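Given next are the chains, with one letter for each unit.
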Amino acid sequence: MLITVTLRNVGTAAIAVGLLIAMLTLGTTTDRPFILAWLFVLIGLGLRLEAAVRARTQPDRGADH
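Okay, so let's go over this structure. Remember, predicted model here, so these are calculated numbers, not experimental data.

Mapped onto the elements, Thr4 comes out in helix 1 (residues 2-24). Judged by its relative accessible area of 3%, Thr4 falls in the buried class. Those residues in contact with Thr4, other than ones at most four positions away along the chain, are Ala51, Arg54, Ala55 and Gln58.

Spanning 26 residues, helix 2 (residues 32-57) covers 38 Å between terminal C-alpha atoms, matching the ideal 38 Å at 1.5 Å per step. For helix 2, the set of buried residues is Pro33, Ala37, Val41, Gly44 and Ala51. In the core, the buried residues of helix 2 are packed alongside helix 1.

A cluster of nonpolar side chains, contributed by Leu20, Met23 and Leu24, occupies part of the molecular surface with about 350 Å² of accessible area. Summarising the element assignment, Leu24 is placed in helix 1.

Bringing the environment of Val17 into the picture now. Structurally, Val17 is set in helix 1. Sequence separation of Val17 and Ala51 is 34 residues, and the distance between their C-alpha atoms is 19 Å.

A word on the pattern of salt bridges. The tally for this structure, following the rule as stated, stands at 1 salt bridge. With its nearest N and O atoms 3.0 Å apart, the salt bridge here joins Glu50 to Arg54. Of the two residues, Glu50 and Arg54 both sit in helix 2, 4 residues apart, roughly one turn of that helix. Note on Arg54: relative accessible area 33%, which makes it partly exposed.

A word on the packing of helix 1 against helix 2. Where helix 1 contacts helix 2, the axes come no closer than 7 Å and their chain directions differ by 160°. As judged from the angle between their axes, helix 1 and helix 2 are roughly antiparallel. For helix 1 against helix 2, the interelement crossing comes out left-handed.

An α-helical turn contains 3.6 residues, so any two residues separated by three or four positions project in the same direction. Relative to the 33 Å expected for 23 residues at 1.5 Å per residue, helix 1 spans 33 Å between its end C-alpha atoms, a close match to the ideal helical length. Buried within helix 1 we find Thr4, Leu7, Gly11, Ala14, Gly18, Ile21 and Ala22. Those residues of helix 1 that are buried are in contact with helix 2.

Conventions used here
- Residues numbered from 1 in each chain as written.
- Predicted model: local features only at pLDDT ≥ 70, side-chain atom pairs only at ≥ 80, totals over all residues.
- Heavy atoms only, no water.
- Helix = DSSP H or I, 4+ residues; strand = E, 2+ residues; numbered from the N terminus.
- Buried < 20%, exposed > 50% of the residue type's maximum accessible area, 1.4 Å probe, protein only.
- Contact = heavy atoms within 4.5 Å.
- Expected span 1.5 Å × (residues − 1).
- Patch = residues over 30% accessible without salt bridge, like charges linked within 9 Å, V, L, I, M, F, W, Y side chains within 5 Å.
- Areas by Shrake-Rupley, 256 points an atom, 1.4 Å probe, with all protein chains shown as cover.
- Salt bridge = Lys/Arg side-chain N within 4 Å of Asp/Glu carboxyl O.
- Axes fitted to C-alpha atoms, helices over the stretch in contact; angles between N-to-C directions.
- Parallel < 35°, antiparallel > 145°, perpendicular 65-115°, else oblique.
- Left-handed = near helix turned anticlockwise from the far one by under 90°.

By themselves these figures say nothing about function.
This is the structure in structure tokens:
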């Protein structure tokens, strides 16, 4: 359960950082910041998907957790 929550939080943070990098570097003429931003976003999406798969395969612990 803790691994799933951690993966979800790190994935969300990676997506947020990637989008922030993209927004802050909109005025640049090079593509390098955007490549880094897309890498962060893709890594974040992968971590979120991993968390979703883990949450689906874990046994249900009840409604009170």
